[in-house]
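Read off the chains here:
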Amino acid sequence: MDADVIVVGAGPTGLMLAGELRLGGADVIVLDKLAEPTGQSRGLGFTARAMEIFDQRGLLPRFGQGETLEISPVGHFGGVQFDFTALEGAHFGARGIPQSQTEAVLAAWAAELGADIRHGCEVLALADGFEDGDLAEVTVGTAEGVRRLRARYLVGCDGGKSTVRKLAGIGFPGTEATRAMFLADVTGLDLKPRYLGETLPNGMVMAAPLKEGVHRIIVCPHGAAARSADEQVTFEEVAKAWEHITGEDISSGGAEWVSFFSDATRQAAEYQRGRVLLAGDAAHIHLPAGGQGLSTGVQDAANLGWKLAAVVTGRAGEDLLATYHAERHPVGRRLLMNTRAQGMVFLGGDPAEPLRRILTELTGYDVVRRHLAGVVSHLDIRYDVGGGAAEDGASEDGGEDAAGAHPLLGRRLGKVALTGPGGESDTFRLLHAGRGVLLDLVGDPALREAAAGWAGRVDVVTATASAADRGAVFAGAGAVLVRPDGHVAWTGAGDDDTDGLGTALARWFGAPAGD
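None of the values given here were measured: they were computed from a predicted structure.

**Considering the overall build of the chain**
When helices and strands are counted, the chain shows 12 helices and 27 strands. Against the globule reference of 24 Å for 515 residues, the chain gives a C-alpha radius of gyration of 23 Å, in line with a compact fold. Dimensions of the chain, computed from C-alpha atoms along their principal axes, come out at roughly 70 × 60 × 40 Å. For the chain, the residues scored as buried account for 55% of the 515 residues in total.

In structure tokens, the structure reads:
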């Protein structure tokens, strides 16, 4: 066996997954067919929840701080702009960060942790037996010739045209593209910023400065037919579409690169088949409304990595891995729903004007702004962790609290300042090591005793939070069990309240030592 896990694709999802696997002690090889990263950046930033995940691993400072990390409180849903801070902790995410920078940050992190990242390696075939055998074997083309590699699991993070998904025979149902849209990094032009897009009679355009002398533009002309993936697009074509929509002539400029995308919407029927799993664009493609694609892939990786590492290192059974599809497939389904809805509003032209007006009226209500901000920021996701939370898997709508369920169960725990014996800390810093955390807010010795069998897998931390945070964020809980991905798996009141803790620890972290 060459590795515990082979990850195919060295984009943000694959690199994030590689780092997560290494934190969990799994040996990982990352394969990418490109000889080197292209340096091109289809994505320009990430959502609030993706920022939190990077912060949970101590990575956020690598992207810049203060003025160099631009966070926008104002976002949009289908082009209808509103203040995302209507939902506490929400914003439209970090913008202006090229995907190439995100990949460089994650590649450096994964390599520091010991991931084996190999470029110029193209997966050509998948051997039979991956569905019910003990290993996944792939045939790989390299500059030195054809090789065969074997691992316990194979994860396809290789994009919307995923070779791994096709070789595994996993269906990819959805809707075909109905239109083509262009994007380019243009030079030699002084363009008015249109960060959140501008809808005009002939289409929609967006523009944002990337660096000195370079602007990213997105051009969505009404009536532009869908194109074959093999077709090429030129800057001249993009310039004509821009002028058709805005009336501005940009043909005197140039472009570092140009491309196109579509509104095709598809989701893998299964996120796991035997020894093969899918994450990121290999599992779901959609209109890039709100920059949610890269961010969802990062969240897929954060959900999958610690589970897969626990399984391949023998700390947990394969039933833990089954929760990956159960939790992330509904999230992907909801992602496709919200991006299709946004496309109808944003790109629907005159026929969609009544819908835009109604949506604009609705965003005048705080409850609507909170709901839509949660959808686009991904801060409203709730998983079924037991105890009555989101009983059908991941919540489709952020959902009401089930009868008897603590409001934190299944949800992500936000960043909260803490004070403990070691000094000042916070809930994200506790997750840097990628282990579970049992946070004791009341100094209850029974908690440490109850979790003793999971030492090395779950860190027991005694600390205090402010009275305001105890009431608002923790909703009165005296203790919380936090999974490595930041979602709460158990809550207790303190004062020797360990009811259900052992069950939660066993469900998410395997049997205790000695069993």
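**Thoughts on the pairing of strand β7 (residues 94-98)**
Note: strand β3 (residues 44-46) against β7, 3 bridges, orientation antiparallel. By the bridge assignment for β7, Gly45 is matched with Arg95.

**As for the sheet that holds strand β21 (residues 284-285)**
The strand order β12-β18-β21 describes an open sheet built from 3 strands, whose pairing is antiparallel. Of all strands in the sheet, those bounded by a partner on one side alone are β12 (174-175) and β21. By the bridge criterion, 2 bridges tie β12 to strand β18 (residues 265-267) in an arrangement that is antiparallel. The residue bridging Thr175 from the neighbouring strand is Thr265, located in β18. On top of the sheet, helix α7 (residues 319-347) reaches β12, β18 and β21; it is set at about 175° to β18, its chief contact.

**A few points about the side chain of Asn338**
By secondary structure assignment, the location of Asn338 is in helix α7. On the basis of relative accessibility, which here comes to 4%, the residue Asn338 falls in the buried class. At 2.9 Å, the side chain of Asn338 forms a polar contact with the side chain of Gln342.

**Looking at unusual backbone geometry**
Although it is not a glycine, His378 adopts a positive phi angle of roughly 70°. Counting through the fold element by element, His378 comes out in the loop between α9 (366-377) and β22 (417-420). Judged by its relative accessible area of 7%, His378 is buried. Within the chain, Ala475 stands out as a residue other than glycine whose phi angle is a positive 50°. Summarising the element assignment, Ala475 is placed in the loop between α11 (467-472) and β26 (479-482).

**What about the side chain of Gln99?**
By secondary structure assignment, the location of Gln99 is in helix α3 (residues 99-112). With near-sequence residues (within four places) excluded, Gln99 lies in contact with Pro12, Ser41, Arg42, Gly43 and Leu294.

**Here's the deal with the sheet that holds strand β17 (residues 254-262)**
What the 5 strands build is an open sheet, ordered β14-β15-β16-β13-β17; its pairing is antiparallel. Pairing within the sheet leaves two strands with one partner each, and these edge strands are β14 (194-200) and β17. Pairs of neighbouring strands in the sheet enclose a mean axial angle of 15°, with direction left out of account. In terms of strand pairing, β14 meets strand β15 (residues 203-211) through 4 bridges, oriented antiparallel. The partner of Leu200 across the bridge, within β15, is Gly203. Set on the sheet, helix α5 (residues 235-246) makes contact with β13 (180-187), β14, β15, β16 (214-221) and β17; between it and β16 the angle comes to about 70°.

**Things to note about the environment of Lys192**
On the secondary structure map, Lys192 appears in the loop between β13 and β14. Separated by 51 residues in sequence, Lys192 and Gly141 have C-alpha atoms that sit 46 Å apart.

**A word on a nonpolar patch on the surface**
Residues Ile358, Leu362, Tyr365 and Val367 make up a contiguous nonpolar surface patch of about 410 Å² in total accessible area. Relative to the assigned elements, Tyr365 resides in the loop between α8 (353-362) and α9. What makes Tyr365 exposed here is its relative accessible area of 53%.

**Things to note about empty space enclosed by the protein**
Applying the stated rule across the entire model yields 3 cavities of 30 Å³ or more. What the largest cavity holds in volume is close to 110 Å³. Val331, Arg334, Leu335, Val375 and His378 are the residues nearest the centre of the largest cavity, which is lined by 14 residues in total. Only α6 (292-312), α7 and α9 provide two or more residues apiece to the lining of the largest cavity. Top contributing element to the lining of the largest cavity by residue count: α7, with 5 residues.

**Some thoughts on the pattern of salt bridges**
In total, this model carries 29 salt bridges according to the counting rule given. We note a salt bridge from Asp55 to Lys415, for which the minimum N-O separation is 3.0 Å. Note that Asp55 is positioned in helix α2 (residues 48-56) and Lys415 in the loop between α9 and β22, a separation of 360 residues in sequence. Its relative accessible area of 48% is what places Lys415 among the partly exposed residues. Where Glu327 meets Lys307, a salt bridge forms, and the shortest distance between an N and an O atom there is 2.8 Å.

**Regarding the state of the cysteines**
Within this structure, the stated rule accounts for 0 disulfides. Take Cys157: it sits in no disulfide, and the sulfur closest to it among the cysteines is that of Cys121, at 16 Å. Relative accessible area serves as the criterion here: at 8%, Cys157 is assigned to the buried category.

**Details of α3**
Turn by turn, an α-helix covers 3.6 residues, leaving residues three or four places apart pointing in a common direction. Look at α3: 20 Å from first C-alpha to last across 14 residues, which is about the 20 Å you get at 1.5 Å a residue. Taken as a whole, α3 has its buried residues at Gln99, Thr102, Glu103, Val105, Leu106, Trp109 and Ala110. Buried residues of α3, seen end-on, are gathered within an arc of 160° and therefore sit on one face of the element. Looking at the buried side of α3, the elements it contacts are α1 (12-23), β3, α2, β7, β8 (116-119) and α6. Phi turns positive, to about 105°, at Gly114, one or two residues after α3.

**Regarding the nonpolar core**
If you look at the biggest cluster of nonpolar residues, it comprises 70 residues, and the most contacted ones within it are Leu21, Phe46, Phe54, Leu154 and Leu308. If near-sequence neighbours (up to four positions away) are discounted, Leu21 is found in contact with Val5, Val7, Ala26, Val28, Gly305, Leu308 and Ala309. Residues Ile381, Leu501, Trp508 and Phe509 belong to the second largest nonpolar core, which totals 24 residues.

Definitions and limits used
- Residues numbered from 1 in each chain as written.
- Predicted model: local features only at pLDDT ≥ 70, side-chain atom pairs only at ≥ 80, totals over all residues.
- Heavy atoms only, no water.
- Helix = DSSP H or I, 4+ residues; strand = E, 2+ residues; numbered from the N terminus.
- Rg over C-alpha atoms; globule rule 2.2 N^0.38 Å.
- Buried < 20%, exposed > 50% of the residue type's maximum accessible area, 1.4 Å probe, protein only.
- Pairing = 2+ DSSP bridges.
- Contact = heavy atoms within 4.5 Å.
- Axes fitted to C-alpha atoms, helices over the stretch in contact; angles between N-to-C directions.
- Polar contact = N/O pair within 3.5 Å; in protein donor to acceptor, adjacent residues only side chain to side chain.
- Patch = residues over 30% accessible without salt bridge, like charges linked within 9 Å, V, L, I, M, F, W, Y side chains within 5 Å.
- Areas by Shrake-Rupley, 256 points an atom, 1.4 Å probe, with all protein chains shown as cover.
- Salt bridge = Lys/Arg side-chain N within 4 Å of Asp/Glu carboxyl O.
- 1 Å grid on protein atoms, 1.4 Å probe; cavity = no way out; pocket = protein on both sides within 12 Å on 5 of 7 lines; lining within 4 Å.
- Points joined across faces, edges and corners; volume = space filled by probe spheres on them.
- Disulfide = S-S within 2.5 Å.
- Expected span 1.5 Å × (residues − 1).
- Arc of directions from axis to C-beta.
- Core = buried A, V, L, I, M, F, W, Y, C linked by side-chain atoms within 4.5 Å.

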